[in-house]
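# Coordinate analysis (summary)
What follows is the residue order along each chain.
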Amino acid sequence: MEPKEVSTTSTQPCTKPVVYSVSGSVVVAEHATGVAQYEVVHIGPHRLLGEVTQLSNDRATIHVFGDTSRLRPGDAVELTGKPLSVELGPGLLGQTFNSLQQPIEYNTDTQTVFWPQQQQHQPPAALDKTVEWFFEPQHDLQVGSRIGPGDIYGQVVENTLLVHRIMLPPDATGGTVTWLAPHGDYTLNHDVLEVEYRGRRTKYKMYHTWPVRKPRPVAEKLACDRPLLTGIRSIDTFCPLALGGSATMPAGKGAGKSVVFYSLTKYANVDVVVNVWVGEPSTDLAEQLMEMPQLTLKIGDHEDLLIKKMVVVANSADMPLAAREASVYTGITVAEYWRDMGYHVALTADDTSRWAEALTELSCRAGMLPGDRSYAVDLKSRLAGFYQRAGYVQCLGGSQERFGSVSIISTVSPPLSDYERDPVVAATIENVGAFIALDSRLSQTRHFPQVNWMLSHSKHSSTLEAFYDGHIRSSDEFVRCCKVAKQILTEEHELKPDIGKAGLDSLSQADQATLQVAKMLREDFLRQNIFTPYDRHCPLYKTAALLRNFVLYHELVQDALQQHGQSSSSHKHGTRTGAGGGSGSGSGGQKNSKESRTAAVPPLTFQDIQSALSAELYELVCMKFQDPADGEAAMLDVYSNLARKLRRSMDDLLEPFWASK
């Protein structure tokens with residue numbers, strides 16, 4: 001019997017990780033004993049970028065950010081020892097990146113978009129290291145000063161809108177400043193600061209990197225008691241948002257989310273907007289990238305480009321699932337970086353349902369058990385972890401007190417528009433502070449923006465009352481008027497079945513007046529024309545003044561009908577007649593004379609009020625045509641004069657009734 005050949009290579013254990021199996025965007029590597037969770041690796045001869053998401057014995061599950069069609073078992077897996085991170089520094093604003101922070105270039109002249117290739121040996125840098133920035137050192141910082149994590153040690157002018165504050169990274173040890181660069185032009189490769197701690201000196205540049213899945217630390221998380229004003233009356237009144245809060249809205253076709261996002265980006269009281277587009281169709285995404293550089297923002301007397309206050313993280317539907325899943329973390333990390341400078345940041349994520357679908361497919365390919373409706377079993381915790389990174393905070397940096405916020409506004413688009421039973425919608429509503437119900441049916445009645453005031457709700461209404469006290473005249477009236485207006489619209493909704501059955505004439509005078517005010521609220525308050533200078537953005541003081549006058553008219557009419565209307569007069573007349581019939585003849589003459597004077601004035605009707613106050617009603621429905629460019633004082637004078645006219649005209653109408661008493 002011939003002896004068998006023994007291979008010398010088979011007895012030697014393989015110490016380097018290699019590809020074991022490939023399933024779509026998920027790769028399993030074996031011999032991965034030194035791999036860490038969420039570590040970035042390079043796979044195969046093309047060095048595809050991947051992220052380790054699961055470890056089991058000596059095997060690692062890797063989500064690959066590229067095309068895996070040319071991978072095969074046995075390909076090498078190169079460890080980097082670093083998590084998926086982004087570069088944070090000057091040059092972020094006005095840029096468009098994918099989820100790996102690789103720049104997306106587009107040419108508005110030729111209408112072309114250049115997507116970065118995922119399998120490059122040297123991917124493009126996120127920040128241009130060759131551009132020179134004029135660095136200004138912090139005025140109160142000098143050699144010998146103490147500096148800690150989060151402290152600002154200089155600044156550069158990012159663009160005409162914002163100043164970029166250079167901070168010590170949150171994970172730095174800090175120490176004593178031994179050298180600080182003077183005023184001058186520097187690139188991002190130059191050192192501008194040197195710090196010594198326990199005999200060890202560390203040099204810092206104008207940028208640093210940060211892991212996308214690790215929230216940036218803050219000094220303290222505070223209550224969200226300041227409003228995020230969108231300029232949309234239906235949102236600022238019935239569904240208020242808060243700086244540092246979170247909100248979601250439907251993203252169905254024709255729901256009107258683009259109008260809300262546009263108003264939020266252009267007019268909201270935030271300094272920076274981070275747009276995250278998850279799984280958008282390539283054609284739609286390219287069209288939006290072409291339009292963005294043409295949008296302008298008016299600041300004072302001059303106009304500037306809107307893109308200068310924006311950072312875009314874009315992923316098309318044909319990109320790898322792993323890139324779609326990581327995009328929201330890249331966006332929120334960039335938003336937290338600007339928050340730490342003391343700015344207010346709004347992050348828009350469109351949409352989280354596509355993000356959840358990518359997460360689900362990756363989980364299934366990795367062999368994990370499905371959860372509710374086949375979604376990923378950890379869907380709720382992943383959504384909660386994302387929304388919890390929003391907040392109004394005191395920024396890190398003990399020597400320099402500053403405050404900032406990150407507000408998250410997302411969209412959801414469940415299959416078949418099943419908003420009641422979809423797990424993504426349910427988990428999202430549990431973690432957000434406001435739900436903006438966009439209703440495509442409102443567009444059929446030419447009502448824009450398409451915010452359904454009956455279904456929208458917010459948890460921030462009570463926490464914002466303290467802010468209204470110091471920033472709105474008669475702030476208690478504004479809060480009360482919001483509740484009264486919501487009640488008027490609710491009563492209209494409840495009266496609609498009765499109108500369909502018996503007609504408008506079957507309603508009482510008070511109910512007819514309620515329907516009139518509800519119609520004015522819908523058409524002359526909630527409806528806005530974004531293409532007009534007077535209505536494309538409504539400041540808070542204008543919103544409060546408009547609402548106050550509508551509610552004032554409603555209360556004047558209801559009080560008048562209650563005291564002098566037909567039901568009230570007939571009730572009083574019957575009481576007097578009964579009392580006169582049972583009394584003696586000595587007092588009968590006096591009571592009969594009172595009844596005759598009362599009968600001489602007919603009961604007040606709603607039609608009488610409409611006729612007497614027709615001029616004031618016309619001014620009431622024309623209130624929104626006042627242009628905010630006229631100034632706050634001038635506009636408030638106009639609205640105050642109208643309120644006085646309403647009271648005076650109502651007093652003139654009721655004077656005969658008072659004289660008859």
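Before any of the text, the structure's been laid out above.
Bear in mind that the values here come from a model prediction, so they are computed numbers and not experimental data.

Reading the values: the criteria
- Residues numbered from 1 in each chain as written.
- Predicted model: local features only at pLDDT ≥ 70, side-chain atom pairs only at ≥ 80, totals over all residues.
- Heavy atoms only, no water.
- Helix = DSSP H or I, 4+ residues; strand = E, 2+ residues; numbered from the N terminus.
- Buried < 20%, exposed > 50% of the residue type's maximum accessible area, 1.4 Å probe, protein only.
- Pairing = 2+ DSSP bridges.
- Axes fitted to C-alpha atoms, helices over the stretch in contact; angles between N-to-C directions.
- Contact = heavy atoms within 4.5 Å.
- Phe/Tyr/Trp six-rings, centres within 6.5 Å; stacked < 30°, edge-to-face > 60°.

Below, the discussion takes up unusual backbone geometry. Look at the link from D350 to D351: it is a cis peptide, with omega at -10°. Among the secondary structure elements, D351 is positioned in the loop between β28 (344-350) and α5 (352-365). The amide bond that connects F448 to the next residue, P449, takes the cis arrangement and shows omega of -5°. Not every positive phi belongs to a glycine, and H31 is a case in point at roughly 60°. Within the fold, H31 resides in the loop between β2 (26-30) and β3 (39-43). For H31, a relative accessible area of 24% translates into the label partly exposed.

Within the open sheet, the four strands sit side by side as β14-β13-β11-β16. Their pairing is antiparallel. Since the sheet does not close on itself, it has two edges, and those belong to β14 (163-167) and β16 (184-186), each with one partner. Adjacent strand axes in the sheet meet at a mean angle of 40° when their direction is disregarded. Pairing of strand β11 (residues 133-137) with β16, which is carried by three bridges, proceeds in the antiparallel orientation. Bridge pairing in β16 links F135 to G184.

If you trace the backbone, S246 turns up in strand β23 (residues 246-250). Under the relative-accessibility criterion, S246 is labelled buried at 9%. Not counting residues within four places of it along the chain, the set of residues in contact with S246 comprises Y387, I408, N431, V432, G433, A434 and H460.

What follows covers the packing of aromatic side chains. One pair of aromatic rings is described through two measures. These are the centre distance and the angle between the planes. Enumeration over the complete set of coordinates arrives at nine aromatic pairs. Taking the centre distance of 6.2 Å and the plane angle of 70° together, the rings of F467 and Y468 count as edge-to-face. The exposure class of F467 is buried, given its relative accessible area of 15%. What makes Y468 buried here is its relative accessible area of 5%.

Nothing here speaks to function; it is all geometry.
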